[in-house]
Every structure is written in structure tokens, then in C-alpha cells.
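Understanding the architecture of this molecule
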Amino acid sequence: IITLVFAAIFLHEKMTKKIIFGAVIGMIGILVIVGKDVFAKGLDISPMGDMLIFLSNIAFAAYITLSKKLSKNYTPLAITFFIFFVGSLFFLPGVFMDITANPTWFINMPFFAYAGILYGILFSGILAFAFWQYGLSQVSETNVGFFLYI
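What comes next concerns the included structure. Keep in mind that what you see is a predicted model, and the values were worked out from it rather than measured.

Focus: helix H1 (residues 2–10)
By the burial criterion, the buried members of H1 are Ile2, Thr3, Leu4, Phe6 and Ala7. One or two positions beyond H1, positive phi appears at His12, with a value near 55 degrees.

Shown next as C-alpha cells:
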């Protein structure tokens, strides 16, 4: 739903009757899922988890919108590189703290740990994001929002 709103506001995508109908059905589903806790536990629930999920959805919708906007001027691989570069910058402080605390941890790792790290970086990282960016460049943001329901 948030992705659809962002697509309409920032990318000026048209909201057809089908899209609005699908969004309403999706919203009803969300209300049923979130509302079941209210019915089961009453109003004595902690909304922190729901709030964090909602904030992550806003962040992801912003990511999709920005990626879609960037895909008009940059290739999917260039966008993927930029995303990984910026993400890596956020990890650097933790890496430096780990290396300072235990400078030999990387040397003492078994081969399978290196293989797992390499697999995570290549397949579930770079390739997955590159395919995502390519797919996003081929369809509307509205369609992407509906694919996320699957």
C-alpha cells in the first residue's frame, strides 16, 4: 500500500480501479492480520513490533521508489553497486571495532566460513539485488508493490 502511494506521489504513476481495488483488498488483509492480536489480547498489546514493521515498510517503499527513479538514468548493476557501497560504509565501524578487539579472527576461520561468506555476498547479496534492480527497471513500481504480496 505504501509503495502504491509513493508511486503515485513521487513517480506520478496512475492508480486504476483495479489497482485501488487490489490495494483495498490488501489493506483488509493487513487489518485482519494486525487486528487479530487486538481481538485475542485486547488493547493490552505492545505495538512496538507492529510499529517497527510499519517503519521498515516505509523504508523499503522509499528504497523501491528511489531505485525506480534511478533506473531511468543508471543500469541495474550501477544501482546495485551504489547500494552495496553505501551499505558497506555503515558496516565499517563495526568491522574496525572487531578487528581492534580480535585482530586474528579472520585468519583463524575455517574454509567453510569463507565459503559461506562468499556465497552470501555473491548469491544472496549481489546477484539477488542485481536481479531485483533489473526487474524493477522493467515494470512499474505499482506492479512491484503487488508482487511483494506474494
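Concerning the packing of helix H4 (residues 76–101) against helix H5 (residues 111–138)
Look at H4 against H5: their axes get within 8 Å of each other, and the N-to-C directions meet at 130 degrees. It follows that H4 is oblique to H5 by the angle criterion. The hand of the H4/H5 crossing is right-handed. Between H4 and H5, the contacting residues are Pro76, Leu77, Ile79, Thr80, Ile83 and Phe84 on the first element and Gly125, Ile126, Phe129, Ala130, Gln133, Tyr134 and Ser137 on the second. Class assignment of the residues belonging to the contact of H4 with H5 gives a composition of 9 nonpolar, 4 polar and no charged.

A short note on helix H2 (residues 17–41)
The terminal C-alpha atoms of H2, which comprises 25 residues, lie 36 Å apart, in line with the 36 Å expected from a rise of 1.5 Å per residue. Along its length, H2 shows its largest kink, about 30 degrees, at Val34. Considered for burial, the residues of H2 that qualify are Ile19, Gly22, Ala23, Gly26 and Gly35.

Structural notes on the packing of aromatic side chains
Counted by the stated rule, this structure contains 8 aromatic pairs. Both rings, one in Phe81 and one in Phe85, keep their centres 6.1 Å apart while their planes meet at 20 degrees; by these two values the pair is stacked. With Phe81 and Phe85 both in helix H4 and 4 residues apart, this pair spans about one turn of that helix. Residues Phe111 and Phe112 carry aromatic rings whose centres are separated by 5.7 Å and whose planes lie at 65 degrees to one another, so their mutual orientation is edge-to-face. The burial state of Phe111 is the same as that of Phe112; both residues are exposed. Aromatic rings pair up to connect Phe60, Tyr63, Phe84, Phe129 and Trp132 into one cluster.

Some words on the packing of helix H3 (residues 48–70) against H5
With their axes 9 Å apart at the nearest point, H3 and H5 run at an angle of 65 degrees to one another. One element, H3, and the other, H5, form an angle in the roughly perpendicular class. At the point where H3 passes H5, the crossing takes the right-handed sense. Every residue of H5 that contacts H3 at Phe60, Tyr63, Ile64, Ser67 and Lys68 is listed here: Phe129, Trp132, Gln133, Leu136 and Ser137.

A short note on the side chain of Ser71
In this structure, Ser71 sits in the loop between H3 and H4. On the basis of relative accessibility, which here comes to 18%, the residue Ser71 falls in the buried class. A distance of 2.7 Å separates a polar atom in the side chain of Ser71 from the backbone oxygen of Lys68. Each residue touching Ser71, except ones within four places of it in the same chain, is listed here: Ile79 and Ser137.

Parameters and conventions
Residues numbered from 1 in each chain as written. Predicted model: local features only at pLDDT ≥ 70, side-chain atom pairs only at ≥ 80, totals over all residues. Heavy atoms only, no water. Buried < 20%, exposed > 50% of the residue type's maximum accessible area, 1.4 Å probe, protein only. Helix = DSSP H or I, 4+ residues; strand = E, 2+ residues; numbered from the N terminus. Axes fitted to C-alpha atoms, helices over the stretch in contact; angles between N-to-C directions. Parallel < 35°, antiparallel > 145°, perpendicular 65-115°, else oblique. Left-handed = near helix turned anticlockwise from the far one by under 90°. Contact = heavy atoms within 4.5 Å. Nonpolar A, V, L, I, M, F, W, Y, C, P; charged D, E, K, R; others polar. Expected span 1.5 Å × (residues − 1). Bend = angle between axes of the 7 residues up to and from the residue. Phe/Tyr/Trp six-rings, centres within 6.5 Å; stacked < 30°, edge-to-face > 60°. Polar contact = N/O pair within 3.5 Å; in protein donor to acceptor, adjacent residues only side chain to side chain.

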